[in-house]
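Coordinate inspection notes
Chain by chain, the residues run as shown.
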Amino acid sequence: MNNLKNHIRTKRASLLGIVIILVATMYFIDGYVSGFWKTLLMLFGINVIFAVSLNITNSWINFFSIGHGGIILAGIYFAAFFTLPPGFKNGIVHLHLPEYVLNTQWTLLPALLVGSLFGALVAVLLAFPALRLKSFYFCAGSLGFAIIVTNIAENIRSITNGPAGLWQFPAYTSIWWVWGIAAAIVYLILMLKKSAFGRALIAIGRDQDLAEHMGINLLKYKIIAFALSGFIATCGGILWVHLIRTVSPSTFGLTFMFDIVAMMVIGGMGSISGAVIGAGVITFFLEVLAPIEEGFTLFGLQIPPFLGFTTILLGILFIIVLIRKPEGIMGEKELSITAISRFLKKLIEDFGRSQ
Amino acid sequence: MEYILQQSINALGWGSVMALLGAGYTMTFGIIGLVNFAHGEVLMAGAIAAYIAMSVLGLPFWVGVIASVAGSVAIGLIIERVCFKPVRNVGMITLFIVSLGASIILRNLSILTLGDQLKPFLVPDFFAGVFTFGNLYIFKKNIIIFSLTVIIGVTLATFVRKTKFGVAMRSVSYDSSLSQAMGINTEKIIVFTFILSSILCGIAAVFWGLLYGYVSSSIGVEVVVAAFIASVVGGIGNINGAIASGYILGIGGALFVAFLPPDLVGLRPLFLWLVFFLILFLKPSGLFRANIK
Amino acid sequence: MNENFLLEMRQVSAGYGKMTVIHDMSIALEEKSIVTLLGANGVGKTTILRTILGQTVLSSGQIFFFGEDISKKPTYFRATLGIGYCPEGRAVFGNLTCKENLQAGAFTLKDKRRYQENLDRVYSLFPILEERTNQLAESLSGGEQEMLAIGRALMSSPRLLLLDEPSLGLAPQLIQQIKETLKTINEQGVTVLLVEQNAHMALDLADYGYLIKKGSIAFEGTAMEIKDNEQVKDVYLGIM
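Residues numbered from 1 in each chain as written. Chains lettered and ligands numbered in written order. Predicted model: local features only at pLDDT ≥ 70, side-chain atom pairs only at ≥ 80, totals over all residues.

A count of helices and strands for chain C gives 10 helices and 10 strands. In terms of overall size, chain C behaves like a compact globule, its C-alpha atoms giving a radius of gyration of 17 Å where 240 residues would be expected to give roughly 18 Å. Projected onto its principal axes, the C-alpha coordinates of chain C cover approximately 45 × 40 × 35 Å. Residue burial in chain C is summarised as follows: out of 240 residues, 45% are buried. Of the contacts formed within chain C by residues at least 6 apart in sequence, a portion of 67% connects residues at least 24 apart. (Helix = DSSP H or I, 4+ residues; strand = E, 2+ residues; numbered from the N terminus. Rg over C-alpha atoms; globule rule 2.2 N^0.38 Å. Buried ≥ 20, exposed ≤ 12 C-beta atoms within 10 Å, placed from the backbone. Contact = placed C-beta atoms within 7 Å.)

Time to look at the overall build of chain B. When you go through chain B residue by residue, the secondary structure sums to 12 helices and four strands. Computed over the C-alpha atoms, the radius of gyration of chain B is 19 Å, within 12% of the 19 Å expected from 2.2 N^0.38 for a compact globule of 293 residues. Structurally, chain B occupies a C-alpha span of about 60 × 45 × 35 Å along its principal axes. Residues counted as buried form 53% of the 293 residues belonging to chain B. Taking the contacts inside chain B whose residues are at least 6 apart along the sequence as the reference set, 77% of them involve residues at least 24 apart.

With that out of the way, let us pick up the interface of chain A and chain B. Between chain A and chain B, the contact holds 31 residues from the first and 30 residues from the second. Put simply, the parts of the chain that give the side of chain A that touches chain B at least two residues each are helix H7 (135–155), helix H13 (254–267) and helix H15 (309–324) of chain A. If one sorts the elements of the side of chain A that touches chain B by residue count, H7(A) sits on top with 12 residues.

The next thing to look at is unusual backbone geometry. Residues and elements named next belong to chain A. Although it is not a glycine, Gln168 sits at a positive phi angle of roughly 65 degrees. Even without being glycine, Arg245 reaches a positive phi, approximately 70 degrees. For Arg245, the position within the fold is in the loop between helix H12 (218–244) and strand E2 (246–247).

Membership of the largest hydrophobic core comes to 261 residues, with the highest contact counts inside it found for B:Leu21 and B:Ala204. With 15 residues, the top contributor of residues to this core is helix H9 (residues 186–212) of chain B. (Core = buried A, V, L, I, M, F, W, Y, C linked by C-beta atoms within 7 Å.)

Residue and element names in this part refer to chain B. Viewed as axis vectors pointing N to C, helix H3 (residues 39–56) and helix H10 (residues 219–234) meet at an angle of 135 degrees, and their least axial separation amounts to 7 Å. On the basis of the axis angle, H3 is oblique to H10. Two packed elements cross with a definite hand, and for H3 against H10 that hand is right-handed. Taken together, the residues of H10 that come into contact with H3 (itself represented by His39, Gly40, Glu41, Leu43, Met44 and Ala47) are Ile219, Gly220, Val221, Val223, Val224 and Ala227. When its residues are assigned to classes, the contact of H3 with H10 shows eight nonpolar, three polar and one charged. (Axes fitted to C-alpha atoms, helices over the stretch in contact; angles between N-to-C directions. Parallel < 35°, antiparallel > 145°, perpendicular 65-115°, else oblique. Left-handed = near helix turned anticlockwise from the far one by under 90°. Nonpolar A, V, L, I, M, F, W, Y, C, P; charged D, E, K, R; others polar.)

With respect to the element layout, C:Thr108 can be found in the loop between helix H3 (98–105) and helix H4 (112–125). Distance from C:Thr108 to C:Ser156, taken between C-alpha atoms, is 6.4 Å for residues 48 residues apart in sequence. In contact with C:Thr108, other than residues within four places in its own chain, are B:Gly183, C:Ala79, C:Thr80 and C:Ser156.

Among the eight residues of H3(C), seven are classified as buried, and the element is accordingly described as predominantly covered. Along H3(C), the positions that sit buried rather than exposed are C:Cys98, C:Glu100, C:Asn101, C:Leu102, C:Gln103, C:Ala104 and C:Gly105. The inward-facing, buried residues of H3(C) contact helix H7 (164–174) of chain B together with H4, helix H5 (127–131) and helix H6 (142–154) of chain C.

What follows concerns helix H5 (residues 92–114) of chain B. End to end, H5(B) covers 32 Å across 23 residues, agreeing with the expected 33 Å (1.5 Å per residue, within 8%). In the segment just after H5(B), B:Gly115 is the residue with positive phi, at about 85 degrees. (Expected span 1.5 Å × (residues − 1).)

All names here are of chain B. Across four bridges, the pairing between strand E2 (residues 130–133) and strand E3 (residues 136–139) is antiparallel. Residue pairing for E3: Phe131 is matched across the bridge by Ile138. What sits between the antiparallel neighbours E2 and E3 is a turn of two residues, in which Gly134 has the positive phi angle 65 degrees. (Pairing = 2+ DSSP bridges.)

Spatially, the four strands line up as an open sheet ordered E2-E1-E4-E5 (chain C), and their pairing is antiparallel. Looking at the sheet topology across the chains shown, the edges are occupied by strand E2 (19–30) and strand E5 (68–69) of chain C.

Residue and element names in this part refer to chain B. Here H3 crosses H5 at 25 degrees, and the two axes come no closer than 9 Å. One element, H3, and the other, H5, form an angle in the roughly parallel class. Judged by the twist between their axes, the crossing of H3 over H5 is left-handed. Every residue of H5 that contacts H3 at Gly40, Glu41, Met44 and Ile48 is listed here: Ser103, Leu106, Arg107, Ser110 and Leu114. The residue inventory of the contact of H3 with H5, partitioned by class, reads four nonpolar, three polar and two charged.

This brings us to the sheet that holds strand E7 (residues 160–164) of chain C. Residues and elements named next belong to chain C. Ordered in space as E6-E7-E8-E3-E9-E10, the six strands form an open sheet in which the pairing is mixed. Taken across any chain shown, the strands that pair with only one partner, and hence form the sheet edges, are strand E6 (83–86) and strand E10 (216–222). Across the sheet, the mean angle separating the axes of adjacent strands is 15 degrees when strand polarity is ignored. The sheet contact formed by E6 and E7 spans four bridges and is parallel. Looking across to E7, one finds that Tyr85 is bridged to Leu162. Helix-sheet contacts for H6 involve E6 and E7, and the interaxial angle to E6 is about 175 degrees.

Below, the discussion takes up the environment of A:Thr311. Inspection of the secondary structure assignment puts A:Thr311 in helix H15. On the basis of neighbour count, A:Thr311 is assigned to the buried category, with 23 C-beta atoms found within 10 Å. In this structure, the C-alpha to C-alpha distance between A:Thr311 and A:Leu289, residues 22 residues apart in sequence, is 9.9 Å. When neighbours within four sequence positions are excluded, A:Thr311 is seen to be in contact with A:Thr255, B:Ile104 and B:Asn108.

Model confidence for chain C is summarised by a mean pLDDT of 87, while 95% of its residues fall at 70 or above. Listed scores for the predicted complex are pTM 0.83 and ipTM 0.87. (pLDDT = per-residue confidence, 0-100.)

Written out as structure tokens, the structure is:
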């Protein structure tokens, strides 16, 4: 009994510790880090949100979607209608939206909620093919879904401004918003994974028919899974667009999907901690190597732009991982607080012994 | 009525390209269950090879054709050996993602070395010209391409139907391990299928160049989706089905666009996906018979 | 002693992936014999056949065919040596016609004349197949498909014929027909390794048999010995 109490106390303490460390880090970053590194850290957090959302559909219920780009795009545009300055909506481009929407400008939080809800609704549309189509055909269908959404966005110019996209987004996103939301999502989804609901989703992924026979209502769970995944992904997208401050129908295309899939795969499909790790690795990789694409000066030598270089490297890395260690860094497992504290305790013990 | 006929005739060229690509695609899809997203890049490789031979090196057209086929086969084989063979038994989705990776790598490599701009494809005078038939205008190149494709299709069909090798290909399509027990070297069959599929891509690349007068590093992306949908609609593993579907999609797409209001013309790619979803919901095995279990 | 054996498995352990299904198994087949593998469902009988063919993961032991070590050779190579296979469950190529199925079976045959001879032999053994020659295999009835599977295995003039539960789900007349066909084939010089649930049929045909239990050999002996053995009757309650 004491052991259990101790265990819970340790867990609570560790959790509090993590939150404190996180908040302190945020303060530090917000105050002292700037420019490139700050943006990189924010992108890291946003990619974590994307990767976590993708895990729910692609790994847990085992419906491999490459169409999330379409969901995110739809949600971003919807939120954009509310957060873009009226001067832009009325003056620079001429969007045919309801009177109220044209003249208003919301802050981030309501736009996040409303946009993500819309994203969730759009995502539910994907749930319906998931009912009829088998694994690979669903994957192809999700691609079609994304292409259709992109195509529609390009063509209804009066509402979306067509291929030119939207810009002049207010710079709402800060490190606090990104990591506050990312941390909350990581925590919630980790809890979800262990809950009955999460385990039901994973059961559907393992063996759909068996899950049905055990009494799991496939329709209900799939819809909720897609809605949740879409909600979270759109959240990430809205944060993204208020950081980068411009978007167009082609922004969340296949290259984007490939990046997120790479994060998932390298980190470990289905693992939330894996998603965090994968997002970190890939974001760092992509952003640090980005200058190569534009060309730069090294020791006085002008190195020419290498367009597409990072994508090639990422692709190669990705294929290597798939061939050699297909389960990724974490496999399906999660980093647990007890495991980390045990690991740290051992480290300290070993260090103490060696003195 | 005439309008429809005219549109259909105009679409014969593009339909032929899709037919050949679909046929090649369905072969690899049927034989190894591989959804090869990099199939478009095999086409692109051939197109670029032809461009280099003709526009850069100034070699005659027939050399360009050979270069195209050679380029496609080379890239096709490289993709197969490097990317697909190691993950052969891992599952369809992993294979698909690997092919997606390969596609992105190849496309970016091409953009890196040659740039993304449109590159001219020199069309020999032989292909220029229009015939008139009553009120219909028939472009000479459409007819040539269409006839050649039909000939290729019939040859392919005969080969697959009548020869010992064709029987072996179809049996590997259906049940690979049982075929092994019959003494069929499935590795050889797979490699051969890839080569055959790539040859079709090389030919399709030449047709593309003839039709549009240009090639680029990005043409792969435009066609791979069409090829995939053509093979699904035609029944997986069914070469004749894929060829027929290529024309159905090509002509259907042209008619679809023709009847759209002018400012919605951008919705053209949607036609393919519409057909895709329709077929998958109504007749998932394809319009014609599939060749897999 | 070795040279008389057509096929020999020496202390073979094999299975799928990391899982071992058969353990330390030694089996020897004399030329021109009919040998049967008996046992309940799931004990590893099919795995034995597939191991001979090379479709499992061999963790230890060796396999010899006419004295030659084939343990590391790929499946298609072993087939060219003269091993014919009729898998369980009427495994035909559904997308090929009857005749094309037989053609597939004869893939390793280079001699056109022998191909025609074998085709005629199969058609005379199973006349219904000649009737249905251009029909798609998937449209044949269960019994016809089984006949097709057996006929296809014969097309390559095999020296060793592996059969996995040929009688499963077939009508008694057909079973009798197949029994006689196997006897005829054996008289023509083909060694037969037969996996069967129908112990009656199997012991009637076989010269020698192995009783498999949980991936190992529980008992082996001549057909007579098996029929008389009490231990076997225990294991095989009610089937005799």
